[in-house]
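# Coordinate inspection notes
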Amino acid sequence: MCRHAAWLGAPRTLASLIHEPGQGLLRQSYAPRLQRHGMINADGFGVGWYDPARAEPVRYRRAIPLWADANLPALAQVARSGCLLAAVRSASDGMPVEESATAPFADGPWLLSHNGRVAREAVRELAGDGAPESPCDSAWVAAAVFLRRRAGLTLGAALTEVVRHAGAKDPEGRLNLLACDGGSLAATAWGDTLFLILDDGVLVASEPLDDRPGWQAVPDRSLVLASSGGVRVQPL
Ligand code: GLN
């Protein structure tokens, strides 16, 4: 199980997800506290953020452990945005360890991370005709979501449709998805832990990034929707 985190709210740096909190993604890459599958997340990492200079998000992915990238701390200190996403990866059995298999996956303004594992046969027919960038299950899940988003579904509706269909076809599937578009964020809890905390925005993460008391566990099989209008958690 990988670990992921995202922020939507007043502009912050990527370091606020990774390096600054005591249990940020740097620490979660080698010592996650609530991870049920896999022990460390050393098979790569990725970050994405939005900058007014570009229509599409900026993305940086590597197929090395997060702690091994000596250039990341400075980059994360200056990459500042009102919408941020970061993930550290523990590749599922049989999945390639390469950049193209590493979250966040991207399409136009959308970024997506998958925390879990699902049979590829359970998502293949949802992903349309084009081949995703990687044979990794998460790349197929991302392609299925992006296809629906392009067809006009909201981010929340696209996640819901994919998770429900794939979850029905693969009852063992773990489908915690986290997606954003710069102005809104959506996440599912389906088989793994998910938490959120409200501040001058909302922080959503596989597990708390620090020991503040305000972290709320999102119930399994729920959808989190966040935008400038507020945050909602609803059953899937
Ligand atoms: N199945 C995905 C992969 O192999 C996600 C893995 C995870 O959540 N550990 O990358």
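Okay, so let's go over this structure. Not measured: the values here are computed from a predicted model. Residue positions are given per chain, counting from 1 as you read along its sequence in written order. Selection of residues for local features in this predicted model requires a pLDDT of at least 70, selection of side-chain atom pairs for listing and counting requires 80 or more, and totals for whole chains, interfaces and linings are taken over all residues. Here the side-chain values reflect all heavy atoms present in the structure, with hydrogen atoms and water set aside.

## A word on the sheet that holds strand β7 (residues 174-180)
Two orientations exist for strands paired in a sheet by backbone hydrogen bonds: parallel and antiparallel. Heads up, the condition is: Only when DSSP finds a minimum of two bridges between them are two strands counted as paired. Helix numbering and strand numbering both begin at the N terminus, where a helix is a DSSP run of H or I of at least 4 residues and a strand a DSSP run of E of at least 2. Axis geometry follows a simple rule: fit a line to the C-alpha atoms, using only the stretch in contact for helices, then measure angles between N-to-C directions, giving values from 0 to 180 degrees. Should any heavy atoms of two residues lie within 4.5 Å, those residues are considered in contact.
The sheet built from 6 strands is open, its strands ordered β5-β6-β7-β8-β12-β13 with antiparallel pairing. In this open sheet, the two edge strands, each paired with only one partner strand, are β5 (105-107) and β13 (230-235). Shown here is a sheet whose adjacent strand axes are inclined to one another by a mean of 15°, direction ignored. Sheet strands in contact with helix α5 (residues 137-150) are β5, β6 (110-117) and β7, and its direction is about 140° off that of β6.

## Details of the layout of surface pockets
Heads up, the condition is: Think of a 1 Å grid over just the protein atoms. A cavity is a set of points where a 1.4 Å probe fits yet cannot get out, a pocket is an open set with protein on both sides within 12 Å along at least five of seven lines, and lining residues have an atom within 4 Å of a point. Grid points are joined across faces, edges and corners, and a volume is the space filled by probe spheres set on the points. Classification convention: Asp, Glu, Lys, Arg as charged; Ala, Val, Leu, Ile, Met, Phe, Trp, Tyr, Cys, Pro as nonpolar; all other residues, Gly among them, as polar.
Approximately 260 Å³ is the volume attributed to the largest pocket. If you trace the largest pocket, you find 17 residues lining it, with D107, P132, A142, A143 and F146 closest to the centre. By residue number, the principal contributor to the lining of the largest pocket is α5, which donates 6 residues. Taken together, the residues of the lining of the largest pocket sort by class into 10 nonpolar, 2 polar and 5 charged.

## Section: the site of the ligand
Condition: To be near a molecule or strand, a residue needs just one of its heavy atoms within 4 Å of it. Polar contacts, as counted here, are pairs of nitrogen or oxygen atoms within 3.5 Å of one another; within protein the pair requires one atom able to donate a hydrogen and one able to accept it, and residues that are adjacent in sequence qualify only if both atoms are side-chain atoms. For a molecule to be placed in a cavity or pocket, more than half of its atoms must lie within 2 Å of the grid points of that cavity or pocket.
By nearness alone, 13 residues border the ligand, and C2, R89, S90, S92 and G116 come closest of all. Note that a nitrogen atom of the ligand is positioned 2.7 Å from one of the side-chain N or O atoms of S92. At 2.7 Å from an oxygen atom of the ligand is found a main-chain nitrogen or oxygen belonging to G116. The site holding the ligand turns out to be the largest cavity. Residue assignment for the shell around the ligand shows that the elements contributing at least two residues are β6 and α5. Broken down by element, the residue count for the shell around the ligand peaks at 3 residues, all from β6. Class assignment for the residues of the shell around the ligand results in 5 nonpolar, 6 polar and 2 charged.

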